[in-house]
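Now for the letters of each chain:
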Amino acid sequence: MTWTVNGCLVALAILFAWRVEDFAEACSCSPAHPQQAFCSSDVVIRAKVIAVNKVDVGNDVYGNPVKQVKYDVKLIKMFKGPVMDIEAIYTAPISALCGVTLDIEMEYLITGKLESDGNVHVTLCDFIEPWDAMSPIQKKSLPERYQMGCDCKIVRCETIPCALHADDECLWTDWVLENHISGPQAQHFACIQRRDGSCAWYRGAAQPRKDFLDIEEP
């Protein structure tokens, strides 16, 4: 009897540990350059968070209420998105489900998806950055400069050596050279498409000229 009870407890412990690990790993996404986040998002805004609440957004398949976190925001500028005033964004209630935590009274650059019901949904996989933490080049790249490179492919270098395989690619090396994704290329460069369809990193305060004579390599 004792062995049976102990065996059951061990099995339950293993099952619980497996479920916790599985749940903790439920949110995973590949790091993205700010330009990739801009190009792949439905909505890109600068906004100030003014309030937060948990709200019911429907029921799951078992009839249980599904909760999300609703952040009321004051829209400061729309860089990309529908012609409408965005007053709130929604996210999952916990980080294991990719939920985002934002600070009240803080201004952010927020990228997200526009749902079929018209709500903006954000996750940990979106590019969400305090506005004051962004570099001047990142701010100037919104929206025209990033938009100029949306047909380019930014390829993240994970190990050295790494190389480009097509003319429309830009090699992103922050991860291997700086050991984090918010390095010089993320902070100061945009991958811009040239006249011939090829792409190259561009850095500069001025808007790129059509001939791209002032391209600088990182």
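Quick caveat, the model's predicted, so the values are computed rather than measured.

## Some points on the packing of aromatic side chains
So, step 1. A full pass over the atoms with the stated rule returns three aromatic pairs.
So, step 2. Seen from their ring centres, Phe-38 and Tyr-146 are 6.1 Å apart, and the 45° between their planes marks the pair as tilted. Residue Phe-38 is found in helix α2 (residues 34-40), and its partner Tyr-146 is found in helix α4 (residues 144-147); the two are separated by 108 residues along the sequence. Pair check on accessibility: Phe-38 and Tyr-146 agree, each one buried.
So, step 3. When the centroid spacing of 6.1 Å and the interplanar angle of 15° are considered together, the rings of Phe-79 and Trp-131 count as stacked. Residue Phe-79 is located in strand β2 (residues 65-80), and its partner Trp-131 is located in the loop between β6 (128-130) and α3 (136-140); the two are separated by 52 residues in the primary sequence.

## Quick word on the layout of surface pockets
So, step 1. If you add up the space inside the largest pocket, you get close to 320 Å³.
So, step 2. Looking at the largest pocket, it is lined by 21 residues, and the ones nearest its centre are Ala-32, Asp-126, Phe-127, Ile-128 and Ile-181.
So, step 3. Counting only elements with at least two residues in the lining of the largest pocket, the list comes to α2, β6 and α6 (184-188).
So, step 4. The class makeup of the residues in the lining of the largest pocket is 13 nonpolar, six polar and two charged.

## Structural notes on the pairing of strand β8 (residues 169-172)
So, step 1. Burial along β8 is two-sided: Glu-169 and Leu-171 and Cys-170 and Trp-172, pointing in opposite directions, are all buried.
So, step 2. Where strand β7 (residues 153-156) and β8 come together, four bridges link them in parallel fashion. Bridge pairing links Arg-156 to Trp-172 in β8.

## Thoughts on unusual backbone geometry
So, step 1. At the junction of Leu-142 and Pro-143, the peptide bond is cis and its omega measures out at -10° in the coordinates.
So, step 2. Note that Pro-143 resides in the loop between α3 and α4.
So, step 3. Geometrically, the link from Ile-160 to Pro-161 is a cis peptide bond, its omega value of 5° lying close to zero.
So, step 4. Looking at the secondary structure, you find Pro-161 in the loop between β7 and β8.
So, step 5. For Cys-98, which is not a glycine, the phi torsion comes out positive at approximately 70°.
So, step 6. Mapped onto the secondary structure, Cys-98 falls in the loop between β3 (88-91) and β4 (107-114).
So, step 7. Under the relative-accessibility criterion, Cys-98 is labelled buried at 12%.
So, step 8. Positive phi is not limited to glycine here, since Glu-105 has a value of about 70°.
So, step 9. Summarising the element assignment, Glu-105 is placed in the loop between β3 and β4.

## Description of the pairing of β4
So, step 1. Where strand β1 (residues 43-59) lies against β4, six bridges are found, and the strand directions are antiparallel. Note that in β4 the partner of Arg-46 across the bridge is Leu-109.
So, step 2. Two elements, β4 and β6, share three bridges in a ladder whose sense is antiparallel. Considered in β6, the bridge of Leu-109 is made with Glu-129.
So, step 3. Pairing analysis gives two bridges linking β4 to strand β5 (residues 120-121), with the strands arranged antiparallel. Among the inter-strand pairings, Leu-114 is bridged to a residue of β5, identified as Val-120.
So, step 4. In textbook terms, the turn of a hairpin is the stretch between consecutive antiparallel strands, and for β4 and β5 this stretch comprises five residues, one of which, Gly-118, has a positive phi near 90°.

Calculation criteria
Residues numbered from 1 in each chain as written. Predicted model: local features only at pLDDT ≥ 70, side-chain atom pairs only at ≥ 80, totals over all residues. Heavy atoms only, no water. Phe/Tyr/Trp six-rings, centres within 6.5 Å; stacked < 30°, edge-to-face > 60°. Helix = DSSP H or I, 4+ residues; strand = E, 2+ residues; numbered from the N terminus. Buried < 20%, exposed > 50% of the residue type's maximum accessible area, 1.4 Å probe, protein only. 1 Å grid on protein atoms, 1.4 Å probe; cavity = no way out; pocket = protein on both sides within 12 Å on 5 of 7 lines; lining within 4 Å. Points joined across faces, edges and corners; volume = space filled by probe spheres on them. Nonpolar A, V, L, I, M, F, W, Y, C, P; charged D, E, K, R; others polar. Pairing = 2+ DSSP bridges.

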